[in-house]
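Architecture and fold: a report
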Amino acid sequence: MKFTIKHEARGRMRIHLVQYRMSYAQADLLLYYLHTQPQVKEAKVYERTGDAVVVYTGDRQQIIDLLLAFAYEEVKAPAGLIENSGRALNADYQEKLVGHVVKHYAIKWLLPLPLRSCYVIWQSLKYMKEGVKTLLKGKIEVPVLDATAIAVSVLRNDTDTAGSIMFLLGFGELLEEWTHKKSIDNLARSLSLHVTKAWKKVDGTEVLVSVDEIETGEQVVVHMGNVIPFDGVVAEGEALVNQASLTGEATAVRKAEGASVYAGTVMEEGTLTITVSKVGSDSKFEKIVKMIEESEKMKSNVEGKAAHLADKLVPYSLGATALTYLLTRNAAKALSILMVDFSCALKLAMPISVLSAIREAGSHHITVKGGKFLEAMAEADTIVFDKTGTLTKACPTVASVVSFCDKTSDELLRIAACLEEHFPHSMAKAVVDAATQKNLLHEEMHTKPDYVVAHGIASTIGEKRVVIGSYHFVFEDEKCMIPEEKKELFENLPLQYSHLYLAIDGKLAATICIEDPLRTEAKSVIRKLHKEGFTNIVMMTGDSYRTAEAIAKSVGVDHFYAEVLPEDKADFVQQEKAKGHKVVMIGDGINDSPALSAADVGIAISDGAEIAREIADITVSADDLNEIVILKMLSEALMKRIHKNYRQIVTFNAGLIALGVGGIIQPTTSSLLHNTSTLYIGLKSMENLLDEQE
C-alpha cells in the first residue's frame, strides 16, 4: 500500500493513502488489519479523506513496514464484519443531518414569503395528521401537543415559528433515530456469532475445522454448552436449545430429528447432528437487530417512566394553554405554553442517555444487553463471584500429569484432551491447550461423551468406561478406586493445584494438576467494589474448603462457600433477592448459568462458555476485572445524569413558560429556546459519562 505521512508524534502517526477514493468496505478492512497487529494500540480510519491515525508501541519502522505490506485483497475479515460495521450508517445519518439543516435555511433565505408559507403549511399537514390519529385512539399525547403548537402558529399566520418548530422536531428525531440505530447495531455486533471452529462430521467421525470450510448441506455436531454455528435441520439426536438470543423466550426448546435450529442459539443439554442450510452471519445479525428492537430488555425503568411522564404532561400543557387564554385573552401568552413542553426533552434525553451509556460500556469491552441492567447494577449491593476463571485467571494451565497406571503422562493427557475438547470450560481448555502444545494429536477414539454439569465427562473407549472430572464425580458418584500401590502417591499430590481426575475401567488412571493462579488485580478490584457501595461480596466455588478459604482470605471477600453445585449458587442468589437485595452474579462456566439467569444482573466473562454468555445480561472481557468496577461507576453515573436531566428539563422549561405567560418573551423566542435546550440536553447526554467523573 502506498501512503504519505501527514503528521506524527511519539507513538502516533497520521497517514494519507494514495488512492482515488476509499470505500466503506476498504476503510473497514484497513481498520480490521490494524487492530489485528500487536504493535497497534488504537487506530481510526476516515474514508472521506482517505486518512488513518495509528497509535502504536515499539519501533516506528515496524509500523511503516506493516502499512507497506497491507493490501485489501489479502486481508480476510470475519464473516459479517464488513457488511455490518456501521460505517455506512454513520455516514448516511451525517448526510441526513447536514441535508436537513441546509434544506431548512435554503428555504428560509431563498424562497419568497408566499412560497415559503405554502411549503410550511404543506409540511405541517404531516404533524396535524399524527395529532388527529392520536386523538382518534382516545389519547392525548405528545403528537397532539406538537400538532396543536404548529396548527396555532399557522392559524396566526406565523409560518416562521411553525417552520422552526418542525425543523427542530425533525432534527431531534434524526438525532434520536441515529443514536438509537447506532447503539442497536453496536449491541447486535457484540452479540453476533463469534464461532471460529465447528465439529464437522466426516465418514462418521467428528473433525474440528474452521467454520469457513463448512458448506451448505454438510453436517456439523454440536455438543452441550456450545453455540450452534449455522442455521440448519436436525439430522440426528435430541437436545434442549436456548433460543433467547433470537426469540427472547427464557425456556429452552426441545429439538429432535427434523426440527429447525438457528445460528447463535445455545445447546443447554444433549448433542445434535445438524445438516447446514445456511452459512454466513448476515441473517444472524439481522435477527439479533430485530430481537433487540422489539425486546423490552432495551428499556430501563427510568426510560419507561420518562416516556410515560412525557405523555402524562400533555393534557396539563393543553389545559394551561386554554386557561391562560381565558384569563388573559392574549393568544401570544397562551401560545407560549404550547411552544414549551417537557415531553420533547424527556423523550429525547432519557433513551439517548441509556443508549450512549451502552455504547460507552462497549468502548471498555463491556457488552450490555439492555438499559435496565445498568439501572440494576447501579442499585446492586450484593455481588457473587465464581472462583475458577473469574477471580482466578481466565486461562488456567496444566502444571503436571501424575500417572496412576501403566500409561505415560502424555498418553493420559491425550485421552483427557480427547474428552475435554468437546465441552467449553476453562479447566477443559487448559487440558486441550496442554495437549496441543505437546503436539498430542489424536483421532476420535471414544463413543459419544456425556457431560454432567459441575461434575465431569463420561464416555467409552473400546469396552472400558472412561470418566474425567471432580473428586466427587469420580470417586463418590462413579465409585472409582485408587490402585492400592499408588495410595501414598495420591496422598502426596501437591495441594497448591486444583485436581482433575481421570479414571479408566473403574480405576484412577491419572491426576491432572491444574495451576489456577489468582488474578493479580483481584484483591484491588474487591477493595474498589466495596468502596463503590457493594456491602456483601461473596465467592462460591466447587473447590475444596481449604482451597476456597485461602483464596477468600487473599482477595478479601466478605463470605465464601466451597464445594457448591450449580443449584446451590442459584439458590443463594434467590435467597438474597428474597431479602430485598439487588444481586449481581459473575461467572464463566456452564455450571454458573442457573445463577446468572436468577440474578438481577448476570455478568459473564467473555472467554467462558457460550451458554454463560448467552444467558448473561452483561459480558465483560477476560483481560481485567477492573471492567466490573468501571461498569458499576458507569451505571451510577448514568443514574446521576438521568436525574440531573430531569431537574434541568423541568426547571428550564417551567422558567420559559413563566416568562412567556408573563409576556416577557414572545412565543417564537420560547420555541427557539425550548427546542435549543432540548437538543443541547440530547447532545450532552451523548457525551461519555466517565469523562465527567474525572
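Right above here is the structure, for reference.
A short tour of the structure in this document, coming up. (Residues numbered from 1 in each chain as written. Predicted model: local features only at pLDDT ≥ 70, side-chain atom pairs only at ≥ 80, totals over all residues. Heavy atoms only, no water.)

Next up on the list: the pairing of strand β22 (residues 583-587). Burial runs high along β22: five of the five residues are buried. The alternating pattern of β22 places Val583, Met585 and Gly587 and Val584 and Ile586 on opposite faces, both of which are buried. In this fold, β22 hands off to helix α21 (residues 593-598), which returns the chain to strand β23 (residues 601-605); that crossover is right-handed. (Buried < 20%, exposed > 50% of the residue type's maximum accessible area, 1.4 Å probe, protein only. Helix = DSSP H or I, 4+ residues; strand = E, 2+ residues; numbered from the N terminus. Right-handed = clockwise from strand over helix to strand, strands pointing away.)

On to the layout of surface pockets, then. Here the second largest pocket defines a volume of roughly 1200 Å³. Around the second largest pocket, the lining comprises 41 residues; the ones closest to its centre are Ser470, Tyr471, His499, Gly542 and Asp543. Those elements that place two or more of their residues in the lining of the second largest pocket are α15 (426-437), β16 (456-461), β17 (464-469), α16 (471-477), α17 (487-491), β18 (498-504), α19 (545-555) and α20 (566-578). Looking at the lining of the second largest pocket residue by residue, the classes come out as 18 nonpolar, 14 polar and nine charged. (1 Å grid on protein atoms, 1.4 Å probe; cavity = no way out; pocket = protein on both sides within 12 Å on 5 of 7 lines; lining within 4 Å. Points joined across faces, edges and corners; volume = space filled by probe spheres on them. Nonpolar A, V, L, I, M, F, W, Y, C, P; charged D, E, K, R; others polar.)

In terms of burial, helix α10 (residues 331-339) is largely enclosed, as seven of its nine residues are buried. Within α10, burial applies to Ala332, Ala334, Leu335, Ser336, Ile337, Leu338 and Met339. Looking at where α10 begins, the residue whose side-chain oxygen comes 2.9 Å from the main-chain nitrogen of Ala332 is Asn330. (Polar contact = N/O pair within 3.5 Å; in protein donor to acceptor, adjacent residues only side chain to side chain.)

To continue, consider the pattern of salt bridges. Going through the model one piece at a time under the given rule, you end up with 25 salt bridges. A salt bridge links Arg87 to Asp28; the shortest N-O distance between them is 3.0 Å. Of this pair, Arg87 sits in helix α3 (residues 87-110) while Asp28 sits in helix α1 (residues 24-35), placing them 59 residues apart in sequence. You can call Arg87 buried: its relative accessible area is 11%. The class of Asp28 is buried, set by a relative accessible area of 8%. Across the salt bridge formed by Arg414 and Glu411, the nearest N and O atoms sit 2.9 Å from each other. With a gap of three residues between them, Arg414 and Glu411 both fall in helix α14 (residues 409-420), about one helical turn apart. (Salt bridge = Lys/Arg side-chain N within 4 Å of Asp/Glu carboxyl O.)

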